[in-house]
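Inside the fold
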Amino acid sequence: MERTTQVPHSDIERQLEHCRAIAALTAQWPEQPLAFVDTYGCQQNEADSERIRGYLRQMGFGFTQEEERARIIVINTCAIREHAEQRVLGNVGALVHVKRRHPEQLICLCGCMVQQPQVAEKIRQSYRHVDLVFGPHALWKFPEMIHSLLLHRGRVFQTPDEAGSIAEGIPVVRQDRVKAWVSIMYGCNNFCTYCIVPYVRGRERSRKPEDILREVEKLVRDGYKDITLLGQNVNSYGKDLAEPMDFADLLEQVNAIPGDFLIRFMTSHPKDATQKLFETMARCEKVAPVLHLPFQAGNDRVLKAMNRRHTIAQYLDKIRALKALIPDIVLTSDIIVGFPGETTEEFEDTLRVLEEVRFDALFTFIFSPRAGTPAASMDDPMPREEKLRNFNRLTALQDQISEEKHRAYVGQTVRCLLDGLSDDSRWDLTARTPGNRLVRVVGDRGALGQFRDVRITDANKWSLFGELV
Ligand code: 5AD
Ligand code: SF4
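If you're wondering where the values come from, they're calculated on a predicted model, not measured in any experiment.

1. Re the overall build of the chain
When you go through the chain residue by residue, the secondary structure sums to 13 helices and 19 strands. Here the chain has a C-alpha radius of gyration of 23 Å; the compact-globule value for 469 residues is 23 Å, and the two agree. Taken over the C-alpha atoms alone, the chain extends approximately 60 × 55 × 50 Å along its principal axes. Residues classed as buried in the chain amount to 55% of the 469 residues present. Contacts in the chain between residues far apart in sequence, at least 24 positions, make up 75% of those at least 6 positions apart. As displayed, the chain has an accessible area near 20400 Å², and 49% of this comes from carbon and sulfur atoms. In the chain, which carries 62 positive and 65 negative side-chain charges, the distance between the mean positions of the two groups comes to 3 Å.

2. What to know about the sheet that holds strand β19 (residues 464-468)
In spatial order, the strands read β15-β16-β17-β19-β18; together these 5 strands close into a barrel with mixed pairing. With strand direction ignored, the average angle separating the axes of adjacent strands in the sheet is 50°.

3. Digging into the site of ligand 2
By nearness alone, every residue bordering ligand 2 is listed as Cys188, Asn190, Phe191, Cys192, Tyr194, Cys195, Val197, Pro198, Gln232, His269 and Arg308. Residue composition of the shell around ligand 2, grouped by class: 7 nonpolar, 3 polar and 1 charged.

4. Here we look at the nonpolar core
Judged by nonpolar contacts, the single largest core of 68 residues is most densely connected at Ile184, Val216, Leu229, Phe247, Phe265 and Met281. Summarising the domain contributions, this core has at least three residues from each of domain 2 (176-288) and domain 3 (313-407). Beyond its immediate sequence surroundings of up to four residues, Ile184 is in contact with Ser206, Arg207, Ile212, Leu229, Leu230, Val234, Tyr237, Phe247 and Leu250. Grouped together as the second largest cluster of nonpolar side chains are 30 residues, Cys19, Ile22, Ile52 and Ile170 included.

5. Notes on the packing of aromatic side chains
Under the criterion given, the structure shown has 8 aromatic pairs. Taken together, a centroid distance of 5.3 Å and an interplanar angle of 45° make the contact between Phe295 and Tyr315 tilted. Of the two residues, Phe295 is situated in the loop between β12 (290-292) and α10 (300-305) and Tyr315 in helix α11 (residues 312-325); the sequence distance between them amounts to 20 residues. Exposure remark for Tyr315: the relative accessible area of 1% places this residue in the buried category. The rings of Tyr194, Phe339 and Phe367 are connected pair by pair, giving a single aromatic cluster. In this structure, Arg81 is placed above the aromatic ring of Phe365, and the distance from its NZ or CZ to the ring centre is 3.7 Å.

6. Some words on the sheet that holds strand β3 (residues 72-77)
Within a sheet, neighbouring strands are paired by backbone hydrogen bonds and run either parallel or antiparallel to one another. With respect to topology, 6 strands assemble into an open sheet ordered β2-β1-β3-β4-β5-β6, the strand pairing being parallel. For this open sheet the edge positions go to β2 (62-63) and β6 (156-158), each flanked by a neighbour on one side alone. Across the sheet, helix α2 (residues 43-58) touches β1 (34-39), β2, β3, β4 (106-111) and β5 (132-134), and the angle it forms with β1 is around 170°. Across the sheet, helix α3 (residues 82-101) lies against β3 and β4, angled at about 170° from β3, the strand it touches most.

7. Quick word on the domain arrangement of the chain
Parsing the chain into structural domains produces domain 1 (9-158), domain 2 (176-288), domain 3 (313-407) and domain 4 (413-468). For domain 1 and domain 4, the distance between their C-alpha centres works out to 36 Å.

8. Quick word on empty space enclosed by the protein
The full count for this structure, using the stated rule, is 2 cavities of 30 Å³ or more. Of the volumes computed, that of the largest cavity is approximately 190 Å³. If you trace the largest cavity, you find 14 residues lining it, with Arg51, Pro136, Ser165, Tyr186 and Arg205 closest to the centre. Residues belonging to the lining of the largest cavity are distributed by class as follows: 6 nonpolar, 4 polar and 4 charged. A domain split of the lining of the largest cavity shows at least three residues from each of domain 1 (9-158) and domain 2 (176-288). For the second largest cavity, the calculated volume is near 40 Å³. Of all the secondary structure elements, the ones that give two or more residues to the lining of the second largest cavity are α2 and β4. Among the elements that line the lining of the second largest cavity, the one with the most residues is α2, at 3 residues. Residue composition of the lining of the second largest cavity, by class: 5 nonpolar, 4 polar and 2 charged.

9. A few points about the site of ligand 1
Neighbouring residues of ligand 1: Ile80, Arg81, Tyr194, Gln296, Asp334, Ile336, Phe365, Ile366, Phe367, Ser368 and Arg370. Interatomic distance of 3.0 Å between a backbone N/O atom of Tyr194 and a nitrogen atom of ligand 1. Within the backbone of Ser368, a nitrogen or oxygen atom sits 2.7 Å from a nitrogen atom of ligand 1. Within the complex, 86% of the 410 Å² of free accessible area of ligand 1 lies under protein. Among the secondary structure elements, those contributing two or more residues to the shell around ligand 1 are β13 (330-337) and β14 (361-366).

Calculation rules
- Residues numbered from 1 in each chain as written.
- Chains lettered and ligands numbered in written order.
- Predicted model: local features only at pLDDT ≥ 70, side-chain atom pairs only at ≥ 80, totals over all residues.
- Heavy atoms only, no water.
- Helix = DSSP H or I, 4+ residues; strand = E, 2+ residues; numbered from the N terminus.
- Rg over C-alpha atoms; globule rule 2.2 N^0.38 Å.
- Buried < 20%, exposed > 50% of the residue type's maximum accessible area, 1.4 Å probe, protein only.
- Contact = heavy atoms within 4.5 Å.
- Areas by Shrake-Rupley, 256 points an atom, 1.4 Å probe, with all protein chains shown as cover.
- Lys, Arg positive; Asp, Glu negative; His and termini not counted.
- Charge placed at Lys NZ, Arg CZ, Asp CG, Glu CD.
- Pairing = 2+ DSSP bridges.
- Axes fitted to C-alpha atoms, helices over the stretch in contact; angles between N-to-C directions.
- Near = heavy atom within 4 Å.
- Nonpolar A, V, L, I, M, F, W, Y, C, P; charged D, E, K, R; others polar.
- Core = buried A, V, L, I, M, F, W, Y, C linked by side-chain atoms within 4.5 Å.
- Domains from an automatic or database assignment.
- Phe/Tyr/Trp six-rings, centres within 6.5 Å; stacked < 30°, edge-to-face > 60°.
- Lys NZ or Arg CZ within 6 Å of the ring centre and 35° of its normal.
- 1 Å grid on protein atoms, 1.4 Å probe; cavity = no way out; pocket = protein on both sides within 12 Å on 5 of 7 lines; lining within 4 Å.
- Points joined across faces, edges and corners; volume = space filled by probe spheres on them.
- Polar contact = N/O pair within 3.5 Å; in protein donor to acceptor, adjacent residues only side chain to side chain.

Encoded structure:
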C-alpha cells in the first residue's frame, strides 16, 4: 500500500501566518467580524467544520448563526444523496439576496459536494455570488484562500483531484463540551458501487497513533467524557502507516489513557470487523458497548452488486460472535432500499436480517444515484412507489423492534452521561446510555457533563425517559 503523505509542519505554520496577517487586518475594523459556519452531512463534516472555526478564530472572527450578521459564510456540504445536495443548492441560492444587502460578505462552499467537478462547474456558472469553493483536500489552505479574497476580491476555486494527505496542527473550535469527535483516518478504498465518498474524499490514510493519543489525552484533560473515533472505515485503520498497526490495538491504547470517559467509533465495515476487535471491545472498559455495522442489504446478490465483499451469512456470524462476547451490545446499521435491480423478494431478505439481529436503531435510505458511481448507470426498473412501499415496511418493522428494545429498559437504573440541556420543558436534561440510546431526564440541570445513575421510567420507539437517582 502507498505511504500516507503528511502536509509538512512548515506549510501549516504558513497558514497560521496568514491567520495572523488577517487578524491584524480585522483588528482595525470597527467591530469584531463574525462568521457563520453551516454544516451538512456526517460527523466527519462536523469535525472538518470545527477546524474551519479554529482557523476563523485565529483570524480574529467571532461566530454567529445569522446570515445577515456574517462577514464570512461557510457552507460545508454533503454529497451522499441527492436530497442533501438539493438542500444546499436551495440555501445557497437564497443567499443572493443576503449578499445584495451586504456586498462585502464572503460566501464559501466546501466539502464533498463541491469536490465533484460537475457541481464546481455549476457553482462557477450559475451561483456567481459564491466567492470561494474548496474541496476536502484543500481545507488546510483555508486561511491562504481567505487572505487572497480579502486583499484582491475575485473568486477562488480549489478542488484538486488527489489521493489526499494528512494535516496535523490545524486549530479547532469544538461545538460541544462533553462530546468530541477525533478523526483517526480519512478517505475510503472500498468503492461500494453506490457511494460517492471514495471519489470526493480520496484514499484511506491514517493519522499516526501518537497524534491521535495526544489529542484524546488533551480532550480528557479538558473534561470531555464521550469521545468518538471517526473514519469512513475505521477497521482498516493503520494499514498505510510506516509501522502498520490495527484498529483494535489503537482502541486498546486509547482505552489505557487514564480518566473517566467513554470511547465510541464509527464507521465499521463488516468485511474488516474481526474477532480481535470484538475481544478488544469486550475487554476495554471504556469502549462503549455499541457497534454501528452497516450491512446495506440482506440479499447476497444485491451485496455483490454493491461490491460489499461479504455475504449475509458472514455478517450474521460476526454478529453472533459479538453478542456471545458482549450480550448487552447495542447494534445499529445503515440500509439502502431500492438499489438498482433489487426486487421486492430480495428486499424481504433485509427484513429477515432485522428480525434475526434485532438492531436497536437503523439509518435507512432510499437509493440515490450519484453521478460517476457504477450504480448510477445500472438498470433500475423498480418504480419509485414500490421502493417507497418497501421503505415503509422496513421502517415499520424497525419501529416495532426499537420500541420493544427500548421498553426493556423500563424499571432499570442505568449509568448515563448527561450530555445536554433539554429544549422541551417537560424534561431538564438529555442523556445517553453507554450504548448511546437517548434518554430524556428529569432532575438537576447541574448534572450536565457528569455520569450519573438514571432510573428509566418510560420509553417509546425514539427514546427512553427517566429521572436522576
Ligand atoms: N444512496 C442512498 N444511500 C446511500 N448511502 C451511501 N450512498 C448512498 C446512495 N447513493 C448510505 C449508506 C451509507 C450511509 C452513510 O449512506 O447506507 O452507509
Ligand atoms: Fe462509501 Fe462503502 Fe466507503 Fe462506506 S465503505 S464510505 S459506503 S464506499
